[in-house]
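# Descriptive analysis of the structure
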Amino acid sequence: SASSSTLTTVDIDGGAIDGTAIGASSTSTGAFTTLSASSTLDVTGDTSVSSFDSTGTTQLATGGSATTVGGSLTVSGAITPSTGNDSSSGIYFPTDPGGGSGDSAYIRYYADSGENTKLVIGTTNDAGDEIDLTASGSVNVTSGRSTSSTSTGALVVTGGVGVSDDIYIGDD
């Protein structure tokens, strides 16, 4: 029959400890070359991730669902969302912030035709859904595209235009 012993110092250089919780009653530190979890990994406190693959890319995934960050997220480097013209591409904000249903807002970048690309900032659903550009200074549209009709040029407006102050129209 097996007997049990309490050892104050143990040095295990090999083998496996199967079905035994480590640190369940008295937690401490651990250093690992590989950590694999088959269910949930809960981390309390500050977490630092260096890199997961040989290209230096750190990938966080949750099996096809969203990865949620509570609190602020600071990124040093470019944020690179996926390209495409659908609700799973670009930056997609939470839906229906004012209640109701069908309200959405997004920023998407995609190939419109061949190498011609389009950046779309959009809201959908209600006639009252708006996009505001707010600046202390000016809001500029810079393009080398000239105009020859109401549907060409650097700025094309489909719908009415309201101007609450002076408007100046120059001519080359």
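A brief report on the enclosed structure follows. (Residues numbered from 1 in each chain as written. Predicted model: local features only at pLDDT ≥ 70, side-chain atom pairs only at ≥ 80, totals over all residues. Heavy atoms only, no water.)

### Some words on the side chain of Arg108
Structurally, Arg108 is set in strand β2 (residues 104–113). One buried charged residue, Arg108, remains without a salt bridge, the closest side chain of opposite sign being Asp86 at 6.0 Å. A distance of 3.1 Å separates the side chain of Arg108 from the backbone oxygen of Asp86, its partner in a polar contact. Residues within four places of Arg108 in sequence aside, it is in contact with Gly84, Asn85, Asp86, Ser87, Ser89, Tyr92, Lys118, Leu119 and Val120. (Helix = DSSP H or I, 4+ residues; strand = E, 2+ residues; numbered from the N terminus. Buried < 20%, exposed > 50% of the residue type's maximum accessible area, 1.4 Å probe, protein only. Lys, Arg positive; Asp, Glu negative; His and termini not counted. Salt bridge = Lys/Arg side-chain N within 4 Å of Asp/Glu carboxyl O. Polar contact = N/O pair within 3.5 Å; in protein donor to acceptor, adjacent residues only side chain to side chain. Contact = heavy atoms within 4.5 Å.)

### Points about the environment of Thr152
Considering the arrangement of structural elements, one finds Thr152 in the segment after β3 (116–124). Overall, the relative accessible area of 21% leaves Thr152 in the partly exposed class. Excluding anything up to four places from it in sequence, Thr152 contacts Ser146 and Thr147. Within polar-contact distance, the side chain of Thr152 engages the backbone nitrogen of Ser148 at 2.9 Å. A polar atom in the side chain of Thr152 sits 3.2 Å from the backbone nitrogen of Ser149.

So, to be careful, I would describe these as geometric facts and stop short of saying anything about function.
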